[in-house]
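Spelled out from the first residue to the last, the chains are:
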Amino acid sequence: MPVTEYSPLDAMERSDAARLAPLVGQREANNPEEDKRDRDVLQDDSEMFLPVRTLRTQYLDYIDSKVDEIEEQKDSRRYYHGAQLTAKQHRVLLARHQPVQIWNRIGRKINGIVGVVERTRCDPKAEGRDPKSEEGAEIATQTIRYVLDRNQFKNTVEPIVLLQGGIEGITGTQIVLTKGDKGDPDIGIHDVVGDEYFYDPRSYRFDFKDVRYEGIAKWLDLDAAIEMFPHRADQLEGLFVGDSDLTTNADREIKWIISTSRRLRLVEHWYKYKGRWCWAFYVANTLLDQGVSPFLDENGNSESSFDMFCSAIDQDGDRYSFVRTFKGPQDALNQGKSKTLALANSRRVLGGAL
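Since we're looking at a predicted model, the values are computed, not measured.

**Details of the overall build of the chain**
And step 1. Check the secondary structure of the chain and you find 12 helices and 12 strands.
And step 2. In the chain, buried positions account for 42% of the 354 residues.
And step 3. Of the roughly 20600 Å² that the chain leaves accessible, carbon and sulfur atoms contribute 52%.

**Topic: the environment of Gln164**
And step 1. Topologically, Gln164 is positioned in helix H8 (residues 153–167).
And step 2. Judged by its relative accessible area of 11%, Gln164 is buried.
And step 3. For the pair Gln164 and Val193, spaced 29 residues apart in sequence, the C-alpha separation works out to 8.2 Å.
And step 4. When near neighbours in sequence (up to four residues on either side) are disregarded, Gln164 contacts Gly169, Ile170, Thr171, Val192, Val193 and Gly194.

**A word on the confidence of the model for the chain**
And step 1. The predicted model of the chain has a mean per-residue pLDDT of 82, with 81% of residues at 70 or higher.
And step 2. Model confidence for the chain, summarised as mean pLDDT per element, is weakest for strand S1 (residues 23–24) at 38 and strongest for strand S4 (residues 197–199) at 95.
And step 3. Note that residues 1–30 has pLDDT below 50 and, in this model, 76 contacts with residues that lie over four places away or in other chains.

**Looking at the packing of helix H6 (residues 105–120) against H8**
And step 1. Orientation of H6 relative to H8, taken along the N-to-C sense of each, is 135°, at an axis distance of 9 Å. As far as their axial angle goes, H8 and H6 are oblique. The chirality of how H6 crosses H8 is right-handed. The residues of H8 that touch H6, namely those facing Ile110, Asn111, Val114, Val117 and Glu118, are Lys154, Pro159, Leu162, Leu163, Gly166 and Ile167.

**Things to note about the pairing of strand S9 (residues 286–292)**
And step 1. Burial within S9 is extensive, with six of its seven residues counted as buried.
And step 2. Looking at chain direction, strand S8 (residues 276–283) and S9 are connected through six bridges and run antiparallel. Residue pairing across strands places Phe281 opposite Asp289, the latter belonging to S9.
And step 3. Counted between consecutive antiparallel strands, the loop separating S8 from S9 contains two residues, among which Ala284 sits at a positive phi close to 55°.

**Regarding the nonpolar core**
And step 1. Tyr197, Leu236, Leu264, Leu266 and Tyr271 are the most contacted members of the largest nonpolar core, which has 52 residues in total.
And step 2. Considering each element in turn, this core owes the most residues, seven residues, to S8.
And step 3. Counting eight residues, the second largest nonpolar core, distinct from the first, contains Tyr79, Ile110, Val114 and Leu162.

**Things to note about the pairing of strand S2 (residues 170–179)**
And step 1. Taken across its 10 residues, S2 has eight buried, putting it largely inside the fold.
And step 2. By the bridge criterion, five bridges tie S2 to strand S10 (residues 306–310) in an arrangement that is antiparallel. Looking at the pairing, Thr171 lines up with Phe309 of S10.
And step 3. Across seven bridges, S2 lies against strand S3 (residues 185–191) in antiparallel orientation. Looking across to S3, one finds that Thr173 is bridged to Asp191.
And step 4. Between the end of S2 and the start of S3, which pair antiparallel, lie five residues, with Gly183 showing a positive phi angle near 85°.

Conventions and cut-offs
Residues numbered from 1 in each chain as written. Predicted model: local features only at pLDDT ≥ 70, side-chain atom pairs only at ≥ 80, totals over all residues. Heavy atoms only, no water. Helix = DSSP H or I, 4+ residues; strand = E, 2+ residues; numbered from the N terminus. Buried < 20%, exposed > 50% of the residue type's maximum accessible area, 1.4 Å probe, protein only. Areas by Shrake-Rupley, 256 points an atom, 1.4 Å probe, with all protein chains shown as cover. Contact = heavy atoms within 4.5 Å. pLDDT = per-residue confidence, 0-100. Axes fitted to C-alpha atoms, helices over the stretch in contact; angles between N-to-C directions. Parallel < 35°, antiparallel > 145°, perpendicular 65-115°, else oblique. Left-handed = near helix turned anticlockwise from the far one by under 90°. Pairing = 2+ DSSP bridges. Core = buried A, V, L, I, M, F, W, Y, C linked by side-chain atoms within 4.5 Å.

Given below as structure tokens:
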């Protein structure tokens, strides 16, 4: 039997130009050897990877158990952007002919915190353990700075990560492999959107190092999904035939496809299985691709591509941001200012008995 060379770069070359895929690259068209590898990835030994049904259950477990945390994140985003009154409060103010007053101190405070942190940051530097390792430490320093400069980390990634940590409480980056100018693998760093990230709800560490699974879920147009996985075009198109995924088991009203706009929920799922990290892309019960993580730590242990952290954790294990403690003073300020202005613009008549 002839020996066929196989590289993890080829296995993960199902590209995602929008940061979802672990490796970005162009797929060679009409390559029978590549098509064979695609079939082998999804038809591999069941003991190597978890079934997609188990992965989907993990994702839905996060959705079900972290409802309060997700709703608080939504509320925190509204407070940061100045949408601090509910619809009911708006109606009450309009009925009173009272002007709506929003004195957004939360946004200003969080921006100030992010600015202070950025000003106090310095360039990374590796330190040697002894004089003999100084030369290696200098090489490590230049390597790290090259990766950060190439990804414009200080100007683009870092401010977004810090701002999201102050607003939503959960933030971090994802490391991806990209093809360099000579076809060799290069390292890319991307910020992770907070409302797309999910994780093991049993985690209780600030750095998420105790998670058994994590990933991102994103709504995509069908055309965009086919561009990412052209070899799965028929399977993706088949999801919209009769809405088969929504007829019998709606997964507690969590929809995976929207037929009218031809959109679908694509999940990039990283999980730890048998001592190593694996990744999988799927929609509902349809597995699109899977593989083993190419990332290792300094001890040679398998690692996930995500590097996340949170601002704070409460007694229930829910992550939260600075906004939780700012809400009370912010509401008092808005209502006090609004009431003061309403009294100043109102005519008051004092009456008494003769």
